[in-house]
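Single-letter residue listing:
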Amino acid sequence: MGFFAKKQDDAAEEEERQALKRNVDISAHKEDLNILLGRLGVNPQTGLNSNDAKRLLDDHGENRLTPPKQTPIWLKFLQELTGFFSLLLWGGAVLCFIGYGIDGADDHLFLGIVLCLVVLITGIFSFVQNSKSESLMNSFKNMLPPKVKVLRDGVTDEVVALNIVPGDIVIVEGGDLIPADMRVLECSDNFQVDNAALTGESEPQKRKPSCTHDDPLETQNLCFFGTQVPEGSCKGVIISTGDNTVMGRIAALTMSTKNEQTPINKEIHHFIIIISAIAMFLGVLFFILNILIGTPYIENLVFMIGIIVANVPEGLLATVTVCLTLTAKRMHAKMVLVKNLEGVETLGSTSCICSDKTGTLTQNIMTVAQVVYGENNAFVTKDAPSSFTCGRKTYDIENKCFQRLLRCSTLCNVATFSEASKWEYEEDGEAKKVDLQGNPISRPFKGCVTQGDGSQLESVQWQPIGNASECAMIKLVQAEADMNTGKGDVQKIRDSYPTKFVIPFNSKNKYQVHVHEDKEGKHLVQMKGAPERIINRCTHVMLHGKIVEMTPEEKKNIEEQQEMLSANGLRCLGFAEKELDPATYFRNYKYITDDDEFNSPNFPIGDTANNALDVQGRKQNPVSTEGLVFLGLMALIDPPRPAVPPAVEKCKTAGVKVIMVTGDHPITAQAIAYKVGILWSKTRGDMEKDNSRFGRKPGDPDYENPDDAAAIVVPGHTISVDMSEEEWDFILSHPQIVFARTSPQQKLVIVENNQRLGHIVAVTGDGVNDSPAIKKADIGIAMGIMGSEVSKNAADMILLDDNFASIVKGVEEGRLIFDNLKKSIAYTIQSNIPEITPFLAFILFAIPLPLTTFLILAIDLGTDMIPAISMAYELPEADIMMRPPRDSKTDRLVTKRMINFSYCQIGLIQAMAGFFTYMVVLNDYGFPPPSLYFRGNSEAWGHQTFFCKFRGGNYVDLDGNIDISRDPSVDPPSRQFPFWHEGVSGYLESCGYAYNNYASDGSVAASDLNFDLQNSLTYGGGTMGKHTITMESIEANEQMQYFEYIPWRGRTSPFWDNRYLYWDPNDYNSPQNLGANVEDSLYFGGRGVGLWSLCQYKDEKGYGQSFQGNKGTALVRGIEVAESAGDASPQSFVYSDCSDQTVMSDRLYKHAIFCNGQANDNDGCDRVNAYPNVVNPGLSKNYFPGNRLQAFYCYGFDHNKGEGGQESCGLLTDDANDLPICDIDGNRCDTFVPGTDYSGMCRYMCEGFCYWPGSNVENPFTERVSTVEEFETIEPSKDAPYRQCVNIASSEVAWESLKHAQGAFFGSIVVGQIAGLLVCKTRWLSIRTQGMRNNVMLFGIGSEILLVTCLAYFTPINKALGTRNIRLVHWFCAIPFAILIFLFDECRKALMRATSPEKKDPVTGQVTRDAGWIERNCAY
């Protein structure tokens, strides 16, 4: 039932939302007043009584809007950390911690911590940037006055606005806010309300008690919650409160409107799905493959983590967030405040802009655009400077008729300039600035304001106070004043003509009259008002400075010009004057509008003669019928912003449809639309009018078919939410559209239908009425200056300068950021291939892993980060605003063609560069490519001794001397000549490892027997489950002519250390596979300090059990020497000292003894240890293990520890007759001969040389028997002067060579990424055209080089990341590939440009291309 209940709730919510989208349905304005008052239960004379008011308050609730549900801050933060991409990284971190828990490897722990930090840091950054106060309802609260005058119980008192109820009688005055929806009962003649926040109308609207329209938003007897009273007073009755008001419906509609998912959010989600699918697929696939081929689970898990980490660009979250933030900052410099970071790109994806008119397309400043005055023979229309006339000024300031017009517009006017705005002030805003003489510095009348698009807008700096139309007139007059002489100054003109009498403007008369006195004492009547009223009151006109009689022809001329101005959307005012006879109208003449005898003024105003008496029996004063002199017209308009027409033109070029959606009159809206370029062809309505006017019918040659019209003006009363989709499709199919007189609900429906057609819609607005549409839009844009708090809170962006041109700049920035994000991602994912392919090669061909997960993170979060972010600073390509808006279905952020470009083209070349460099480095250090295949098992390479079959070459010693006594093809090396050098024609036929044919089934040795590396008795047969080599498997290799391999090239490498041949396991600075602080699992997985022997093992009864209980094959993948070499696997071989059974197999055994060079009670180890005996060399055979791989004990000398010799590891020779003797300075001076007395200066052991203890032989330097006893019975500091030493050269050279190769592979990726960064600078143009003007990118390249240099050469970082110093020559390996990348991409772009011709639309300027094959398949 819960599921169905939820479905029903959702359906109910949707039904309620659809109801809110319908136009306001109120009948209270049409209802008979007595019936309405009766229904509300109120007496208009006494108001509600207190009891009724309390009851109604309980029934209707407080007069406030219901606040929305708030999302807790902690939940918002959690959402930032749990996006799909973040979850993927969290998952990778968990896998790393699991791996660390299984094998305790520190790199897993560090990797997990790094991934967690990536998510946390980017999450915090995004949270801080995107966090904004959800204060939408608080801004609606700001519309509610704290208290209001209410009539209750016959007494007027102030009541808290929250307690207002339907039926309350309220009184409002100028400056008040309307507390709730109310019907006007009575009001002053000048009572007006400012509905701009509700309907978008720029002019205050007249209100009166009578109903004037069926539409509640159009009638003059309703006032709405939240609107302001500019002037007048009113008494009204409340008809609805709180959520039931019109504003409450808008608030509910705004709250119910869900935010649309931004295009960039969709694109990033789409990209994450693709990348995650690839990462998961490859990770799981190779995890399964590894299981099938027997890779250990821990290694397999680490490998899967590596695959996932390599595929996931960990820096993407940070890159996207930083790119969006940087662009938002750049937008702020262009006067656009970005609240939602993702909104920046959304604006670039915009295909349709629904723009408000007032304050966005226009300046929201009433301006005189044109004037009409008399010249020589007739009245003519002239331009005044404004953006409506493109700044043209064609009137003649010296014309006497024009001067009279200016004088009338100044005197018949009560608007003034704020005195404070005329002066410059200090920063504190209180003290005036003064010049050197101490005089206040005046502020110029006009100045320039820089808009967000960089354009200069001339603006009046003096602040006018008064009616918008009158302010426009005095600005025109003052602009022509001489600021030096004061001639023409508004205030000085008024001072010269004192006011004698005023008749204020009222809606009945539609005129305003002032009587002034000139310097000579003559009185002047000055009148302005509606043109039709003024013209009819005039009998004369002024032409060429002279007063002449108005002829019918001239009257018709004036009326035609007035009609033309009105048709262009301008608001016209007429002006007239009359110079009075001083004999009649003397200085102290008392002017009146009426008296007990007359109902008209006692001076001329051009009244029409009327002999009828009024209700009071008064007649018309005949003086008032005297005609006036017509001076001219002034046409006013809220002019377009100068930057808007070119901005709209740029939108056309960019394929962005601009639709005007305004609450203003259709004629005004159409006029502005033509001026700014939203309309440029004949509208459907104009065609219908012209056809009707000229009697055209379908079929006539000059008939204009309205269905062919490209432009349409749609009044709001013709559209509704109930219209069919077909009707909406017809309207929206027009390329040029203007919606006028629209309601908030209609704006929302307009946006929804554009979105339904697939448009990415941007909506601008400044009023409360715009907030539902702003919130519903893909990108909501509010006005910063004129915008209401509600619209600003609902918006994603705020235009700080209210300039439409800033939106177009935003479109360009949005396209640029999508372009740059696309380039950044193309650049970032290029490295995926050179990051993934090492793991693929590792698993498919078992080569040593060319790149570690830490180095991958060093690329993704280190070297790639700044270059990727630098793309945010990349300048736009030349054609960015000539392209059509991107198709969100096909032009995705990540496409197949981008994957093809980044993976299969650039990424593949980078991978080739990496592998080439990797092979060169390993080859230079002695490991040619053929020796790598199926030898790179992570448990073997660098951990176990490498064995190779040599063909030719020579064995050499530390100094490069050749051993001429041994043939590497058949003889093993000696300790004195351990290195193999290829010579002229030598080569490695095959390489590998000894069989790992022993693993214990006992418990962990270290925890059971106080494990000590140097005490074989503490091993207890345990290997911690690890497979390890034995003496028998080493001998098997020897029998097949596979010998220990220490490359001479490793000896000549920069990482070589002589101590590798005689390493002291107690050295805490030991290499990765040995040492007193080595991890037990790592120790047993490599080769321990000693050797395991199968056939020397004996149980408690003395019986050997080596070949009992074998557990399975020892042929672990990647270490099977003979099988990989193509030789027959040795099913059996003979070990000469194996007493109980001589036949060995390639099985895995579980019983063995560990011998680490010391003597113990098991005599089997005496044979394994096999020290050459000085006294009796024939005591033990000189086996291979005893010579080179078995641990040995020696007594050495270290000059740093003083004279006399200290325990130290050193070079051990096979020749017992060549023990050197040195002097105190360490110089060799003799050779030891038993029985010789060495008491002179030549009597010291040589430093760095091992004097082995022998077996029960007296050491000449210690003068004691040199048996190495069990360690737990000796005090090491006193009785154990010998050090255990081991030859680890083969594994260490392999390990260090690999580390150098990995570092070089990493360096080659960086070199390739620099080339990849350059080719990603442009998607279409050549880099030669685009240039290298992006300084941040140059810095990024420099930082990339610096960072990789630090990672390669800074020792602490080397240790953390496992990198090594890269030889200079190895940097050059990748450079030819980088050049190839650059040349390849330049050729690709050149071929695209050559095979994809461009076409330009002659009307819109939009550029389209016929994509050729290369663009269709290779352009990303």
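Residues numbered from 1 in each chain as written. Predicted model: local features only at pLDDT ≥ 70, side-chain atom pairs only at ≥ 80, totals over all residues. Heavy atoms only, no water.

Points about the overall build of the protein chain
For step 1, the next point in the chain: For the protein chain, the helix and strand inventory stands at 45 helices and 48 strands.
For step 2, the next point in the chain: Counting all 1420 residues of the protein chain, 56% fall into the buried class.
For step 3, the next point in the chain: Within the protein chain, counting contacts between residues at least 6 apart in sequence, those at least 24 apart form 71% of the total.
For step 4, the next point in the chain: As displayed, the protein chain offers around 59,300 Å² of accessible surface, 54% of which is attributable to carbon and sulfur atoms. (Helix = DSSP H or I, 4+ residues; strand = E, 2+ residues; numbered from the N terminus. Buried < 20%, exposed > 50% of the residue type's maximum accessible area, 1.4 Å probe, protein only. Contact = heavy atoms within 4.5 Å. Areas by Shrake-Rupley, 256 points an atom, 1.4 Å probe, with all protein chains shown as cover.)

Description of helix α23 (residues 744–756)
For step 1, the next point in the chain: With 13 residues, α23 extends 19 Å between its outermost C-alpha atoms, agreeing within 8% with the 18 Å of an ideal straight helix rising 1.5 Å per residue.
For step 2, the next point in the chain: Where burial is concerned, most of α23 is hidden: twelve out of the 13 residues are buried.
For step 3, the next point in the chain: Taken as a whole, α23 has its buried residues at P744, Q745, Q746, K747, L748, V749, I750, V751, E752, N753, N754 and Q755.
For step 4, the next point in the chain: Where α23 terminates, the next one or two residues include G758, which has phi positive at roughly 95 degrees. (Expected span 1.5 Å × (residues − 1).)

Some details on helix α19 (residues 644–653)
For step 1, the next point in the chain: Within α19, the full set of buried residues consists of V644, A647, V648, C651, K652 and T653.
For step 2, the next point in the chain: Contacts made by the buried residues of α19 are with β11 (352–355), β25 (657–661), α20 (666–676), α26 (804–830) and β48 (1407–1409).
For step 3, the next point in the chain: Of the residues trailing α19, G655 is marked for its positive phi of about 75 degrees.

Side note on the state of the cysteines
For step 1, the next point in the chain: Using the criterion set out here, one finds one disulfide in the structure.
For step 2, the next point in the chain: A sulfur-sulfur distance of 1.9 Å marks the disulfide that ties C948 to C991. An S-S torsion of about 110 degrees defines the bridge between C948 and C991 as right-handed. Within this pair, whereas C948 is found in strand β31 (residues 947–951), its partner C991 is found in strand β35 (residues 987–992), the two being separated by 43 residues in sequence. As far as burial versus exposure is concerned, C948 and C991 are alike and both buried. (Disulfide = S-S within 2.5 Å.)

As for the side chain of R537
For step 1, the next point in the chain: Position of R537 relative to the elements: it lies in the loop between α17 (531–536) and β21 (538–543).
For step 2, the next point in the chain: A distance of 2.5 Å separates polar atoms of two side chains, one belonging to R537 and the other to D607.
For step 3, the next point in the chain: Excluding its chain neighbours within four sequence positions, the residues that come into contact with R537 are Y511, M527, I605, G606, D607, G627 and L628. (Polar contact = N/O pair within 3.5 Å; in protein donor to acceptor, adjacent residues only side chain to side chain.)

A closer look at the sheet that holds strand β8 (residues 228–231)
For step 1, the next point in the chain: Read from one edge of the open sheet, three strands run β6-β5-β8, paired in antiparallel fashion. The open sheet terminates on both sides in strands that have one partner only, identified here as β6 (205–206) and β8. (Pairing = 2+ DSSP bridges.)

Quick notes on the packing of aromatic side chains
Aromatic rings in a pair are described by how distant their centres are and how their planes are angled relative to each other.
For step 1, the next point in the chain: Taken as a whole and assessed by the stated rule, the structure comprises 35 aromatic pairs.
For step 2, the next point in the chain: Judged by centre distance (5.3 Å) and plane angle (85 degrees), the rings of Y591 and F603 are edge-to-face. One end of the pair, Y591, is in the loop between β23 (571–579) and β24 (628–637); the other, F603, is in the loop between β23 and β24, and twelve residues separate them in sequence.
For step 3, the next point in the chain: Look at F950 and Y955: their rings are 6.0 Å apart centre to centre, the planes differ by 85 degrees, and that puts the pair in the edge-to-face class. As far as burial versus exposure is concerned, F950 and Y955 are alike and both buried.
For step 4, the next point in the chain: An aromatic cluster of at least three residues, connected via ring pairs, comprises F927, W941, F946, F950, Y955, W980, Y993 and Y1045. (Phe/Tyr/Trp six-rings, centres within 6.5 Å; stacked < 30°, edge-to-face > 60°.)

Section: the pairing of strand β29 (residues 779–783)
For step 1, the next point in the chain: Where burial is concerned, most of β29 is hidden: five out of the five residues are buried.
For step 2, the next point in the chain: Burial of the side chains of β29 extends over both faces: I779, I781 and M783 are buried on one face and G780 and A782 on the other.
For step 3, the next point in the chain: As defined by bridge partners, strand β28 (residues 761–765) adjoins β29 across four bridges and the pair is classed as parallel. The residue bridging G765 from the neighbouring strand is A782, located in β29.
For step 4, the next point in the chain: Two elements, β29 and strand β30 (residues 797–799), share three bridges in a ladder whose sense is parallel. Directly across from M783, in β30, lies its bridge partner L799.

Here we look at the sheet that holds β29
For step 1, the next point in the chain: A sheet is described by the order of its strands in space; here eight strands give the open sequence β10-β30-β29-β28-β11-β25-β27-β26, paired in mixed fashion. The sheet is open, and its two borders are formed by β10 (336–338) and β26 (711–715), each paired with just one other strand. Strand-to-strand, the axes of this sheet are offset by a mean angle of 20 degrees, without reference to chain direction.
For step 2, the next point in the chain: Across three bridges, β10 lies against β30 in antiparallel orientation. (Axes fitted to C-alpha atoms, helices over the stretch in contact; angles between N-to-C directions.)

Details of a nonpolar patch on the surface
For step 1, the next point in the chain: A grouping of F97, F110, I113, L117, L120, I121, I124 and V128 is seen on the molecular surface, where their side chains present a nonpolar patch of about 680 Å² in accessible area.
For step 2, the next point in the chain: Residue contributions to the nonpolar patch peak at seven residues, all from helix α6 (residues 106–130).
For step 3, the next point in the chain: With respect to the element layout, F110 can be found in helix α6. (Patch = residues over 30% accessible without salt bridge, like charges linked within 9 Å, V, L, I, M, F, W, Y side chains within 5 Å. Salt bridge = Lys/Arg side-chain N within 4 Å of Asp/Glu carboxyl O.)

A few points about the pattern of salt bridges
For step 1, the next point in the chain: Tallied over the entire structure, the rule returns 42 salt bridges.
For step 2, the next point in the chain: Here D168 and R152 are joined by a salt bridge, their closest N and O atoms 2.7 Å apart. In this pair, D168 sits in the loop between β2 (155–160) and β3 (169–173) while R152 sits in strand β1 (residues 147–152), placing the two residues 16 residues apart along the sequence.
For step 3, the next point in the chain: Residue D729 pairs with R756 through a salt bridge whose shortest N-O separation is 2.7 Å. In this pair, D729 is assigned in helix α22 (residues 725–732) and R756 in helix α23, connecting sequence segments 27 residues apart.
For step 4, the next point in the chain: Take D729: its relative accessible area is 29%, and that puts it in the partly exposed class.

Notes on unusual backbone geometry
For step 1, the next point in the chain: Although it is not a glycine, D153 adopts a positive phi angle of roughly 55 degrees.
For step 2, the next point in the chain: Secondary-structure assignment places D153 in the loop between β1 and β2.
For step 3, the next point in the chain: With a phi angle near 55 degrees, H544 is a residue other than glycine that sits in the positive phi range.
For step 4, the next point in the chain: With respect to the element layout, H544 can be found in the loop between β21 and β22 (546–549).

A word on the pairing of β2
For step 1, the next point in the chain: By the bridge criterion, six bridges tie β1 to β2 in an arrangement that is antiparallel. Within β2, the residue paired with L151 across the bridge is T156.
For step 2, the next point in the chain: Hairpin connection from β1 to β2: two residues lie between these consecutive antiparallel strands, with D153 at a positive phi of about 55 degrees.

Side note on the side chain of N621
For step 1, the next point in the chain: Position of N621 relative to the elements: it lies in the loop between β23 and β24.
For step 2, the next point in the chain: Take N621: its relative accessible area is 7%, and that puts it in the buried class.
For step 3, the next point in the chain: Every residue in contact with N621, bar those within four places of it in the chain, is listed here: F598, S600, P601 and N602.

Concerning the packing of helix α28 (residues 853–863) against helix α39 (residues 1289–1319)
For step 1, the next point in the chain: Contact geometry of α28 with α39 gives a least axis separation of 10 Å together with a crossing angle of 30 degrees. As judged from the angle between their axes, α28 and α39 are roughly parallel. Seen from above, α28 lies across α39 with right-handed handedness. Here α28 contributes L855, A858, I859 and T863 to the contact with α39, which in turn contributes Q1302, F1306, I1309 and V1310.
For step 2, the next point in the chain: Residues of the contact of α28 with α39, tallied by class, amount to six nonpolar, two polar and no charged. (Parallel < 35°, antiparallel > 145°, perpendicular 65-115°, else oblique. Left-handed = near helix turned anticlockwise from the far one by under 90°. Nonpolar A, V, L, I, M, F, W, Y, C, P; charged D, E, K, R; others polar.)

Considering the nonpolar core
For step 1, the next point in the chain: Core analysis: the biggest nonpolar cluster contains 212 residues, and F603, F630 and F804 have the highest contact counts within it.
For step 2, the next point in the chain: Sorting elements by how many residues they give to this core places α39 first, with 16 residues.
For step 3, the next point in the chain: Ignoring sequence-local partners within four residues, the contact set of F630 consists of F379, I534, I535, C538, H540, V541, M542, M550, I558, F575 and A576. (Core = buried A, V, L, I, M, F, W, Y, C linked by side-chain atoms within 4.5 Å.)

So, the confidence of the model for the protein chain
For step 1, the next point in the chain: Scored by pLDDT, the protein chain has a mean of 79; 79% of the residues are at 70 or more.
For step 2, the next point in the chain: Between residues 132–143, whose pLDDT stays under 50, and residues either more than four places distant or in other chains, the model counts 36 contacts.
For step 3, the next point in the chain: Across residues 1112–1137, where pLDDT falls below 50, the model places 86 contacts with residues more than four positions away in sequence or in other chains. (pLDDT = per-residue confidence, 0-100.)

Structural notes on the environment of Q1284
For step 1, the next point in the chain: Residue position: Q1284 is located in strand β46 (residues 1283–1285).
For step 2, the next point in the chain: With relative accessibility at 1%, the residue Q1284 sits in the buried group.

What about the environment of K400?
For step 1, the next point in the chain: Examined against the element boundaries, K400 turns out to sit in helix α14 (residues 400–411).
For step 2, the next point in the chain: On the accessibility criterion, K400 (57% relative accessible area) is exposed.
For step 3, the next point in the chain: Along the chain, K400 and K546 lie 146 residues apart, while their C-alpha atoms are 8.7 Å from each other.

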